[in-house]
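# Report on the structure
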Amino acid sequence: MRPAGTDPPMTHEEDEDPMHIRAARTLAGALTIALATALIAAVAAGPAAAGAGVGTVKVADGLNGPAAFTFTPKGTIVYLERATGEVRFRNPKTDFDRLFFRIRGVNGAGERGALGVALHPRWPEKPFVYVYVTRTARGKLRNQIVRIRDRGGSGRGLTTILTTPASSSPYHNGGRIMFGPDGKLYAIVGDGHNARNAQDRTGNLRGKILRMNPDGSVPGTNPTIGGRRSRIFAYGIRNSFGFTFDPEQGNLWETENGPECNDEINHVRRGGNYAWGPRQSCPNTNRDGPRPRRQPEVTFSNTIGITGAAFCDGCGLAGRDGDLLFGACCDGGLVRRVSLDAARDDVVGGPITMLNAPGGTVLSMEVGPDGSIYFSDNDSIYRLRDA
């Protein structure tokens with residue numbers, strides 16, 4: 001359901017700078033924003049009654065800003081503390097929680113910090129934890145993807161596989177990372193609060209969706225820019241906190257935050273231009289760069305702070321199989337779903353509200369090894385279940 005619209009890396013071990021942590025935004029601040037916008041967002045989302053019958057089970061609490069998490073194949077939760085740079089492992093059956101590694105130099109101001117985590121798809125044979133992080137490295141503020149080796153349950157040997165300048169603005173850093181069904185590592189880098197970055201492909205990685213090999217190198221099947229292969233898989237991206245892959249078709253779907261209008265859900269194609277750039281204005285925020293300009297499958301006319309996303313594929317929620325679920329942080333923490341068409345390349349109907357998250361916000365959303373869908377807020381992780 002598309003709205004109308006206009007048309008080889010340097011891998012290195014590095015010395016780490018001393019820890020410097022700035023205060024993250026508090027839960028109280030997030031809830032204040034949520035209360036102020038919830039009524040407007042609820043009108044945009046449609047009737048809440050349509051999602052009746054969905055509840056939550058808290059599987060971890062007392063956490064410190066778990067902006068991103070994932071699972072080992074055996075069900076251990078691997079999560080990040082956004083402001084401190086701690087990578088932690090937690091057994092949800094026993095609540096045993098241990099520090100795996102602490103990344104130095106993390107800057108947690110605004111939307112910065114430890115923002116994305118993924119495990120090598122051949123874990124534990126390939127014992128690597130990947131983290132997207134905003135940090136000071138060699139005296140400069142950077143958005144980086146770092147790789148940490150698991151040795152006997154502890155992290156060792158931090159290696160930077162991707163680095164790009166972070167903006168002086170603490171917002172629009174992106175941070176979601178995930179291995180796709182093709183075994184490649186995907187990442188979103190925000191535009192750094194500068195719309196021009198999103199359309200600049202002359203070595204500028206900001207405002208882009210990236211695709212790379214597990215060592216950070218450029219796959220031979222990536223798009224070409226100026227006659228050379230690039231890590232840039234898609235561009236014209238503003239400020240995104242979530243993406244996921246359709247398990248039926250392998251397609252990439254991304255959530256996108258607009259300015260004062262047009263939060264989006266996009267079906268991302270290889271080499272696609274998602275048209276955010278300096279000519280943007282509400283109500284048309286997808287008008288920049290060369291054609292074809294890819295338009296969203298779903299838009300919210302009012303911003304809701306759209307965040308994590310996951311597909312229900314045997315997730316245990318009756319009547320939702322095949323649907324795309326997604327959360328938000330600034331509308332009271334609603335979880336919504338949309339259904340895809342038979343070809344799995346477009347959305348059928350509008351978003352349906354399923355749940356008001358207990359903590360009033362949704363950060364990351366993931367599929368566990370049991371197929372269930374989980375999400376985090378500012379201090380807990382929950383599993384979705386039929387009520």
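Residues numbered from 1 in each chain as written. Predicted model: local features only at pLDDT ≥ 70, side-chain atom pairs only at ≥ 80, totals over all residues. Heavy atoms only, no water.

This part is about the overall build of the protein. Helix and strand content of the protein: two helices and 27 strands. Just so you have it, the protein exposes about 15,300 Å², and 50% of that area is on carbon and sulfur atoms. (Helix = DSSP H or I, 4+ residues; strand = E, 2+ residues; numbered from the N terminus. Areas by Shrake-Rupley, 256 points an atom, 1.4 Å probe, with all protein chains shown as cover.)

A probe matching the size of a water molecule, rolled over the atoms, marks out where space remains unfilled. Of the voids in this model, the largest cavity is the one considered here, and its volume is about 60 Å³. Residue lining of the largest cavity: 13 residues in total, with Arg 238, Glu 256, Glu 264, Trp 276 and Asn 286 positioned closest to the centre. Among the elements of the structure, β18 (252–257) and β19 (263–268) are those that each provide at least two residues to the lining of the largest cavity. A per-class count over the lining of the largest cavity returns four nonpolar, six polar and three charged. (1 Å grid on protein atoms, 1.4 Å probe; cavity = no way out; pocket = protein on both sides within 12 Å on 5 of 7 lines; lining within 4 Å. Points joined across faces, edges and corners; volume = space filled by probe spheres on them. Nonpolar A, V, L, I, M, F, W, Y, C, P; charged D, E, K, R; others polar.)

The next thing to look at is the pattern of salt bridges. Inspection of the entire model under this criterion finds 14 salt bridges. Ionic pairing is found between Glu 86 and Arg 88, a salt bridge with its closest N-O pair at 2.7 Å. By the burial criterion, Glu 86 is buried, and Arg 88 matches it. Beyond isolated ion pairs, a larger network of salt bridges with shared partners links Glu 86, Arg 88, Arg 90, Asp 95, Asp 97 and Arg 102. (Salt bridge = Lys/Arg side-chain N within 4 Å of Asp/Glu carboxyl O. Buried < 20%, exposed > 50% of the residue type's maximum accessible area, 1.4 Å probe, protein only.)

Glancing now at the layout of surface pockets. Taken as a whole, the second largest pocket holds about 790 Å³ of empty space. Around the second largest pocket, the lining is made up of 33 residues, and of these Thr 70, Met 178, Phe 179, Glu 366 and Val 367 lie nearest the centre. Secondary-structure elements contributing two or more residues to the lining of the second largest pocket are β3 (69–71), β7 (114–119), β11 (174–179), β17 (239–245), β21 (306–311) and β25 (365–367). Here the lining of the second largest pocket takes four residues from β11, the largest share from any one element.

What follows deals with unusual backbone geometry. That bond from Trp 123 to Pro 124 is cis: its omega, 0 degrees, falls within 30 degrees of zero. As for its placement among the helices and strands, Pro 124 is situated in the loop between β7 and β8 (128–137). The omega torsion across Arg 291 and Pro 292 is 0 degrees, close enough to zero to call that bond cis. As for its position among the elements, Pro 292 is in the loop between β19 and β20 (298–300). Even without being a glycine, Asp 95 presents a positive backbone phi close to 65 degrees. Position of Asp 95 relative to the elements: it lies in the loop between β5 (86–90) and β6 (97–102). In this structure Asp 95 comes out as partly exposed when scored by relative accessible area, which is 45%.

Looking now at the side chain of Arg 112. Looking at where Arg 112 falls in the secondary structure, it is placed in the loop between β6 and β7. For the buried Arg 112, no salt bridge is present, and the opposite-charge side chain at shortest range is Glu 111, 9.0 Å distant. Of the polar contacts made by the side chain of Arg 112, one reaches the backbone oxygen of Ser 167; its length is 2.9 Å. (Lys, Arg positive; Asp, Glu negative; His and termini not counted. Polar contact = N/O pair within 3.5 Å; in protein donor to acceptor, adjacent residues only side chain to side chain.)

By the secondary structure assignment, Leu 141 is in strand β9 (residues 140–151). On a C-alpha basis, the gap between Leu 141 and Asn 107 in space is 8.2 Å, while along the polypeptide they are 34 residues apart. Once residues lying within four places of it in the same chain are set aside, the contact partners of Leu 141 are Asn 107, Arg 112, Thr 134, Arg 135, Thr 136, Pro 165, Ala 166 and Ser 167. (Contact = heavy atoms within 4.5 Å.)

The strand order β11-β12-β13-β16 describes an open sheet built from four strands, whose pairing is antiparallel. The sheet terminates laterally at β11 and β16 (232–235), the two strands that pair on one side only. Averaged over all neighbouring strand pairs, the angle between strand axes comes to 15 degrees, with direction disregarded. One ladder, built from four bridges, connects β11 with strand β12 (residues 185–189); its direction is antiparallel. Residue Met 178 lies in a different strand from β12, and its bridge partner there is Tyr 186. (Pairing = 2+ DSSP bridges. Axes fitted to C-alpha atoms, helices over the stretch in contact; angles between N-to-C directions.)

Turning to the confidence of the model for the protein, a few remarks are in order. For the protein, per-residue confidence averages 88 on the pLDDT scale, and residues scoring 70 or more make up 87% of the total. Note that pLDDT drops below 50 for residues 1–51; the model gives that stretch 120 contacts with residues more than four away or on any other chain. (pLDDT = per-residue confidence, 0-100.)

Looking now at the state of the cysteines. Tallied over the full model, the rule gives two disulfides. In this model Cys 261 forms its disulfide with Cys 282; the gap between the sulfur atoms is 1.9 Å. Of note, the bridge from Cys 261 to Cys 282 carries an S-S torsion of about -95 degrees and is left-handed in sense. One end of the pair, Cys 261, is in the loop between β18 and β19; the other, Cys 282, is in the loop between β19 and β20, with 21 residues separating them in the sequence. Taking relative accessible area as the criterion, Cys 282 reaches 30% and is therefore assigned partly exposed. A disulfide bridge connects Cys 312 with Cys 315, and the sulfur atoms are separated by 2.1 Å. Judged by the sign of its S-S torsion, about -85 degrees, the bond between Cys 312 and Cys 315 is left-handed. In terms of burial, Cys 312 and Cys 315 fall into one category: buried. Here the disulfide map of the protein reads 1-2, 3-4, the bonded cysteines being numbered as they appear in the sequence. Free cysteine: Cys 330, not disulfide-bonded; nearest cysteine sulfur from Cys 329 at 3.2 Å. (Disulfide = S-S within 2.5 Å.)

Next up on the list: the sheet that holds β20. One open sheet accounts for four strands, arranged β17-β18-β19-β20; its pairing is antiparallel. Of all the strands in the sheet, the pair left with one neighbour each is β17 and β20. Shown here is a sheet whose adjacent strand axes are inclined to one another by a mean of 20 degrees, direction ignored. Bridge count for β19 against β20 is three bridges, and the pairing is antiparallel. Considered in β20, the bridge of Asp 263 is made with Phe 300.

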